[in-house]
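# Survey of secondary and tertiary structure
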There are 2 protein chains.
Amino acid sequence: MPATVLHRPTHRDALVLLEEAFGDGRMVTLFGRCTVEYDGRATSSLGPGDRLVVCKPDGTILVHTDEKRKPVNWQPPGCTHRASVRDGRLRVRSERTTPAERLDVRFERIDQLSAYEVTDRSDLELLGSEEDLRRRILDDPGLVEDGFVPQATERETTAGPVDIFGEDAAGRPVVVELKRRRVGPSAASQLQRYVEAVDAEFPDEGVRGILVAPSVTDRTEALLDEKGLSFVAVEPVAGDERSDSGDGGGDENGGHEEDGNEEN
Amino acid sequence: MPATVLHRPTHRDALVLLEEAFGDGRMVTLFGRCTVEYDGRATSSLGPGDRLVVCKPDGTILVHTDEKRKPVNWQPPGCTHRASVRDGRLRVRSERTTPAERLDVRFERIDQLSAYEVTDRSDLELLGSEEDLRRRILDDPGLVEDGFVPQATERETTAGPVDIFGEDAAGRPVVVELKRRRVGPSAASQLQRYVEAVDAEFPDEGVRGILVAPSVTDRTEALLDEKGLSFVAVEPVAGDERSDSGDGGGDENGGHEEDGNEEN
DNA sequence: TGGTGGATGTCGCGT
DNA sequence: ACGCGACGTCCACCA
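Under an unreviewed UniProt entry, the name given to chain A is Endonuclease NucS, and the source organism is Halogeometricum limi. Looking at chain A in UniProt, the text filed under Sequence similarities (unreviewed entry) is "Belongs to the NucS endonuclease family."

Another aspect to go through is empty space enclosed by the protein. The gaps left among the atoms become clear once a water-sized probe is rolled over them. One pass over the structure, following the stated rule, counts three cavities of 30 Å³ or more. If you add up the space inside the largest cavity, you get close to 70 Å³. Residue lining of the largest cavity: Ser-189, Gln-192, Arg-193 and Glu-196 of chain A together with Ala-188, Ser-189, Gln-192, Leu-223 and Lys-227 of chain B, and that is the complete set. For the lining of the largest cavity, the secondary structure elements donating two or more residues are helix H3 (185-201) of chain A together with helix H3 (185-201) of chain B. Top contributing element to the lining of the largest cavity by residue count: H3 of chain A, with four residues. Classifying every residue of the lining of the largest cavity by side-chain character gives two nonpolar, four polar and three charged. Roughly 50 Å³ of volume is contained in the second largest cavity.

Residues in contact with DNA strand C amount to 27 residues; listed here are only the nearest, Arg-69, Lys-179 and Arg-180 of chain A together with Arg-41 and Arg-182 of chain B. Backbone atoms, meaning sugar and phosphate, make up 86% of the atoms of DNA strand C lying within 4 Å of the protein. Contacts to DNA strand C include Arg-219 of chain B, whose side-chain N or O atom sits 3.3 Å from a phosphate oxygen. Ranked by the residues each element gives to the surface near DNA strand C, the list is headed by H3 of chain A, at three residues. Residue composition of the surface near DNA strand C, by class: nine nonpolar, five polar and 13 charged.

Here we come to the pattern of salt bridges. Residue and element names in this part refer to chain A. Summed over the entire model, instances satisfying the criterion amount to 42 salt bridges over all chains. Residue Asp-104 is joined to Arg-93 by a salt bridge in which the shortest nitrogen-to-oxygen separation is 2.8 Å. Within this pair, whereas Asp-104 is found in strand S8 (residues 101-116), its partner Arg-93 is found in strand S7 (residues 89-96), the two being separated by eleven residues in sequence. On the accessibility criterion, Arg-93 (1% relative accessible area) is buried. Note that Arg-155 and Glu-201 form a salt bridge whose closest N and O atoms lie 2.6 Å from each other.

What follows covers the protein's contact with DNA strand D. Taken together, 27 residues lie near DNA strand D, and Trp-74, Arg-182 and Thr-217 of chain A together with Arg-180 and Arg-181 of chain B sit nearest. Considering DNA strand D, the proportion of its atoms within 4 Å of the protein that are sugar or phosphate atoms stands at 81%. Between DNA strand D and Gln-75 of chain A, the relevant distance is 2.7 Å, taken from a base nitrogen to a side-chain nitrogen or oxygen of the residue. Contact between DNA strand D and Lys-70 of chain B: a phosphate oxygen at 2.9 Å from a main-chain N or O atom of the residue.

Our focus in this paragraph is the packing of H3 of chain A against helix H4 (residues 218-226) of chain A. Two numbers describe a pair of packed helices, the interaxial angle and the distance between the axes. All names here are of chain A. Two numbers describe how H3 lies on H4: the axes approach to 8 Å, and their chain directions differ by 20 degrees. As summarised for this structure, H3 and H4 are arranged roughly parallel, according to the angle between their axes. Every pair of crossing elements has a handedness; the one defined by H3 and H4 is right-handed. Seen from H3, the contacting residues are Pro-185, Ala-188, Ser-189 and Leu-191; seen from H4, they are Arg-219, Thr-220, Leu-223 and Leu-224. Within the contact of H3 with H4, the residues separate by chemical class into five nonpolar, two polar and one charged.

Within the secondary structure, Pro-71 of chain A is located in the loop between strand S4 (61-64) and strand S5 (73-75). Measuring from C-alpha to C-alpha, the distance between Pro-71 of chain A and Leu-52 of chain A comes to 9.4 Å, with 19 residues separating the pair along the chain.

In this section: the interface of chain A and chain B. In this assembly, 102 residues from chain A lie in contact with 99 residues from chain B. For the pair chain A and chain B, the summed buried area comes to about 8,100 Å², and 45% of that belongs to carbon and sulfur atoms. On the surface where chain A and chain B come into contact, there are two salt bridges. Among the ionic pairs, Lys-227 of chain B bridges to Glu-196 of chain A, the shortest N-O distance being 2.8 Å.

Further remarks concern helix H2 (residues 130-139) of chain B. Of all the positions in H2 of chain B, only Asp-132, Leu-133, Arg-134 and Ile-137 of chain B are classed as buried. Buried positions along H2 of chain B lie against strand S9 (124-127), strand S10 (149-157), strand S11 (160-167), strand S12 (173-178) and strand S13 (208-213) of chain B.

Turning our eyes to something else, we now look at the domain arrangement of chain A. It is common to give the size of an interface as the accessible area that goes away when the parts come together. Each assigned domain of chain A is listed here: domain 1 (3-116) and domain 2 (130-233). Between domain 1 of chain A and domain 2 of chain A, the C-alpha centre-to-centre distance is 46 Å.

Before going further, it helps to spend a moment on the relation of the copies chain A and chain B. Superposition record for chain A on chain B: RMSD 0.1 Å, screw rotation 180 degrees, translation along axis 0.0 Å. Put plainly, the chains are arranged around a two-fold axis. The position closest to the rotation axis in chain A is occupied by the C-alpha of Ser-189 of chain A, lying 3.1 Å away. Taken together, the interface assignments show that 96% of the residues at the interface of chain A recur at the interface of chain B, consistent with an identical surface on both copies.

Moving on, we get to helix H1 (residues 11-24) of chain B. Residues and elements named next belong to chain B. In this model, H1 (14 residues) spans 20 Å end to end at C-alpha, consistent with the 20 Å of a helix rising 1.5 Å per residue. By the burial criterion, the buried members of H1 are His-11, Ala-14, Leu-15, Leu-17, Leu-18 and Ala-21. Each element contacted by the buried residues of H1 is listed here: strand S1 (3-7), strand S2 (27-39), strand S6 (80-86), strand S7 (89-96) and strand S8 (101-116).

Turning to the packing of aromatic side chains, a few remarks are in order. Applying the stated criterion to the full structure yields four aromatic pairs over all chains. Ring geometry for Tyr-116 of chain A versus Phe-31 of chain B: centroids 4.2 Å apart, planes at 25 degrees, classification stacked. Placement of Tyr-116 of chain A in strand S8 and of Phe-31 of chain B in strand S2 is noted, with the two residues assigned to different chains. By the burial criterion, Tyr-116 of chain A is buried, and Phe-31 of chain B matches it. Ring centres of Phe-165 of chain A and Phe-202 of chain A lie 6.1 Å apart, and the angle between their planes is 25 degrees; this geometry places the pair in the stacked category. Placement of Phe-165 of chain A in strand S11 (residues 160-167) and of Phe-202 of chain A in the loop between H3 and strand S13 (208-213) is noted, with a sequence separation of 37 residues between them.

Time to look at the UniProt feature "domain: Endonuclease NucS C-terminal" (unreviewed entry) in chain A. As recorded in UniProt, the sites labelled "domain: Endonuclease NucS C-terminal" (unreviewed entry) are residues 129-240 of chain A. End C-alpha to end C-alpha, residues 129-240 of chain A measures 13 Å, and it is 32% helix and 29% strand.

This part takes up the side chain of Arg-155 of chain A. Residues and elements named next belong to chain A. With respect to the helices and strands, Arg-155 occurs in strand S10 (residues 149-157). For Arg-155, the side chain forms a polar contact with the side chain of Glu-201, separated by 2.6 Å. Those residues in contact with Arg-155, other than ones at most four positions away along the chain, are Gly-160, Pro-161, Val-162, Phe-165, Val-198, Glu-201 and Phe-202.

About the cut-offs
Residues numbered from 1 in each chain as written. Chains lettered and ligands numbered in written order. Predicted model: local features only at pLDDT ≥ 70, side-chain atom pairs only at ≥ 80, totals over all residues. Heavy atoms only, no water. UniProt positions renumbered as here; feature names shortened; annotations may be inferred. 1 Å grid on protein atoms, 1.4 Å probe; cavity = no way out; pocket = protein on both sides within 12 Å on 5 of 7 lines; lining within 4 Å. Points joined across faces, edges and corners; volume = space filled by probe spheres on them. Helix = DSSP H or I, 4+ residues; strand = E, 2+ residues; numbered from the N terminus. Nonpolar A, V, L, I, M, F, W, Y, C, P; charged D, E, K, R; others polar. Near = heavy atom within 4 Å. Polar contact = N/O pair within 3.5 Å; in protein donor to acceptor, adjacent residues only side chain to side chain. Salt bridge = Lys/Arg side-chain N within 4 Å of Asp/Glu carboxyl O. Buried < 20%, exposed > 50% of the residue type's maximum accessible area, 1.4 Å probe, protein only. Axes fitted to C-alpha atoms, helices over the stretch in contact; angles between N-to-C directions. Parallel < 35°, antiparallel > 145°, perpendicular 65-115°, else oblique. Left-handed = near helix turned anticlockwise from the far one by under 90°. Contact = heavy atoms within 4.5 Å. Buried area = accessible area lost by both parts, 1.4 Å probe. Domains from an automatic or database assignment. Least-squares fit on C-alpha atoms with pLDDT ≥ 70 in both. Expected span 1.5 Å × (residues − 1). Phe/Tyr/Trp six-rings, centres within 6.5 Å; stacked < 30°, edge-to-face > 60°.

This is the structure we're talking about:
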């Protein structure tokens, strides 16, 4: 029984299924009119409205409105959720400690409650992260600069770990900070902190700092100049100069389409 | 009709309701076994598994597994979603430009499809943000330092906007950076950037920088010292010294409870 | 458990 | 549209 659904259940019927599902480790979705109160790292209050509430077996709760990618309220994994009926109304409460946080969802009307058996899970494979950029640089250090020799990754300094530490053609220490996308001032400051820390380790050796990213903003460029730091433009993945390549077919007719010969 | 649900629909039946719902501006949830491909700012691939897919009328798509608060895949608001059936299988595609991004969800099995009419919406009221901390300081500048006089908020500098700009008792310029929670090295660097920028505006006036937050990490403390910056401990909301007050009742018995006299 | 930094971060606000 | 910084950021990793 992969999915159970109750249409416009009473609050008591909803309670029964909810507790069953919480016990089973099933994922639950609730849709209806509700209010939400949160207290913990901050405090928030949300008046009545129609929302989708998702309860995961790992303790996560999400409250979604019809807009935006982020939930309007939530509780992170590891929380304990509990359902009850007060004054004839369903209430879902989620709590945790460290930090102490509580979320209450009170339903005025329940349109639908579903419980899902979740069995399978695959791992996400992702390409284009900073990790991929690092691999690219280590494969071909010349992308940073001719004669650059990487010596360590995540090298510890008093200011924190340096993405890539190495030497330039002249044998001077080089600190490389990697970013997978266009960067702002904070990246320049981060690099500067690392360079200062390494500079204290290697006095009078003229430690250099190089920011490697697809691009930088103007203000960041100025900041780098000011601090004597460099910038080198590299994309996180090889052929990716945002060339908008691919999509070689004029398909994608809108409307109601059933079956189609186009691959992809 | 606030909620429509199809239990184990055929892929074609699902298609019909999906397109109807996309057209109506209804919110949709799909549960079933699917694969997900994403290409855009990065590239990702997710093998078969049981997931909850949420499609919002504003163009948002979320793909949730049974774990974690963040969706394993998603598309932000403003995207265009479209459903089709290929080789007898439902596919939901979401696309946008700037940046060019595409998400494909292909279903192997559909356990449930629901469409919800979302009518009402209230605004979230939140307490304890940096904004609240700012109000606290402006109400009582002595929290920062005796004799501190705020002169401007969000004051522009070449390095960006300063949270609170003012003068100390001796008439020296003061840059205040606010953080609602315990801070790390990046906040110290941010303050330093602002102080340098203001210092260039007021040469030889000895511009001061003060970080106002609940607390700082050790390394950040050292960083502040090194740069001649100060730290002042202030909570974002008044009575909030994380005193763990309240909860003055031994209620909260677990288990199946229907109705209860406890308020709250 | 806390520190540190990445993220397809998202989001709002200003230019 | 881009720049910039906040966020109840979340999250993995590591001491």
